[in-house]
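# Descriptive analysis of the structure
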Amino acid sequence: MSKIRFVASDGLPGLAASLAKGGRRVLVPVEKPAASKPSVVFAPYEPGIKMTLAKATVPPKEAVLPECETLMTFQKSRDPADLNQTTLALTAVEEGVPTVVFACRPCDARGFAALDKPFLEGLYADPYYKARREKLTVVSLTCATGCETCFCHWVGGGPTSPIGSDVLITEIEGGYVLQAMTGKGEELLEASGLPDGADKFPLAEAARKAAWASLVPAPDLKAAQESLKAMFEDTAFWEAETARCLSCGACTYFCPTCYCFNITDEGEPQSPCGGRRLRSWDNCMSSLYTREASGHNPRPEKYQRMRNRVSHKFWTYPENWGPYLCSGCGRCITNCPVCLDIRAIVLDAVAAAKGKV
């Protein structure tokens, strides 16, 4: 079974179409017109859809962690012979539709790898996430160059990183080289019917080297964990770093690795005795995110929330799981209405902590 295949320059839409046969959901990047700021989002492939290979504005995280999902439904029934006796029936809802995320970027694929740690490798695996992840195949398009807000190579990734990808696509003159990175990727390429591309792989390797050569050298972040720990109680530092923040939460909603959520129960209007339990995206930058049922809020100030967010990504998550909880995609920078830059906050913490660690 060849791990390398080739498709001509105009062949990617046809490949996406072939993958969608048999009921498989194929999420492809498409342009989403808007009045003020057009964006690129992932949408299910359908005949006639116009794909783009531009980097998506919104990462494909929803393939495994939907914005809102039903975890279970419940139905209460009362015993007609004893009205004091009520039975509650629960029905779990676990989805697992075979899905391909097509032409995402390596930073997005690395986002899936980051989510796998808490959802699959903890004391308990999340059954809803697991059902989707096991049926997900990630086909990534390597980046030809870096950009001003990208910093994937700061955090262990890169424009051609294979982390989280089942297939890597690299553009060369006249087409694309597809390389299987996992067994799942090999099966997908075998079923694609694409011709062997081993003879073109040296051109893909050259393109990948050129992508790395285009990057500005990354600073050393080895001191980030200890520096953030040392600066944790420095209120003046965090207030200064967060002064411009609007607490809008855009940085979290555009992030491929953030996974804060809320769980709510809702009754169904058509049934007075039934309802459903929902899991929805939430964000730790919201002032109400940590408010407890008693009314106490351990993080009422925005500097506390920013401190938590940055420390989670560059200190506590790496302490527990190894890699950073950041893929360096830069969307939190490009979508921040006041242009806050998480890179600057981390570097400022490293600089300010010198002498303390």
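Think of each chain on its own: its residues are numbered from 1, step by step along the sequence as written. It should be noted that, the model being predicted, local features are given only for residues of pLDDT at least 70 and side-chain atom pairs only at 80 or more, the latter also being counted only at that level, while totals for whole chains, interfaces and linings use all residues. Only hydrogens and water are set aside; all other atoms, that is, all heavy atoms of the structure, feed into the side-chain values.

## Some remarks on the sheet that holds strand S10 (residues 261-267)
Taken in spatial order, the four strands make up an open sheet running S5-S4-S11-S10, and their pairing is antiparallel. Every interior strand has two partners, whereas the edge strands, strand S5 (82-92) and S10, have only one. For this sheet, the mean inter-axis angle between neighbouring strands, taken without regard to orientation, is 20 degrees. In short, DSSP must find at least two bridges between two strands for them to pair. Secondary structure elements follow DSSP: runs of H or I no shorter than four residues count as helices, runs of E no shorter than two count as strands, and numbering proceeds from the N terminus. Sheet analysis places strand S4 (residues 68-79) next to S5, joined by eight bridges and oriented antiparallel. Axis lines are fitted to C-alpha atoms, over the contacting stretch for helices. Their N-to-C directions set the angle, which ranges from 0 to 180 degrees.

## Looking at the side chain of Ser-140
Positionally, Ser-140 belongs in strand S7 (residues 136-141). Contact between two residues is taken to exist if any of their heavy atoms lie within 4.5 Å; hydrogens are not considered. Residues in contact with Ser-140, not counting those within four places in the same chain, are Cys-104, Arg-105, Pro-106, Ala-109, Ser-165, Val-167, Leu-168 and Ile-169.

## Comments concerning the nonpolar core
In this description, a nonpolar core means a group of buried Ala, Val, Leu, Ile, Met, Phe, Trp, Tyr and Cys residues linked to one another through side-chain atoms lying within 4.5 Å. Only protein chains enter the area calculation, which uses a 1.4 Å probe; residues under 20% of their type maximum are buried, those over 50% are exposed, and those in between are partly exposed. Trp-238, Val-310 and Phe-314 are the most contacted members of the largest nonpolar core, which has 30 residues in total. Broken down by secondary-structure element, the contributors of at least two residues to this core are helix H6 (224-231), helix H7 (235-242), helix H9 (302-321), helix H10 (331-334) and helix H11 (342-353). Not counting chain neighbours up to four residues away, the residues in contact with Trp-238 comprise Leu-228, Met-231, Phe-232, Tyr-303, Met-306, Arg-307, Val-310 and Ile-345. Counting 26 residues, the second largest nonpolar core, distinct from the first, contains Val-30, Val-41, Leu-188 and Leu-189.

## Remarks on the sheet that holds S7
Here seven strands make up an open sheet; going across it, the order is S1-S9-S8-S7-S6-S2-S3 and the pairing mixed. At either end of the open sheet lies a strand with only one pairing partner, and these are strand S1 (4-8) and strand S3 (39-44). Across the sheet, the mean angle separating the axes of adjacent strands is 25 degrees when strand polarity is ignored. Taken together, the six bridges between strand S8 (residues 167-172) and strand S9 (residues 175-180) define a ladder with antiparallel strand orientation. Pairing of Val-167 across the sheet is with Ala-180, part of S9. Each of S1, strand S6 (99-104), S7, S8 and S9 touches helix H4 (residues 183-192); the most contacted strand, S9, lies at about 135 degrees to it.

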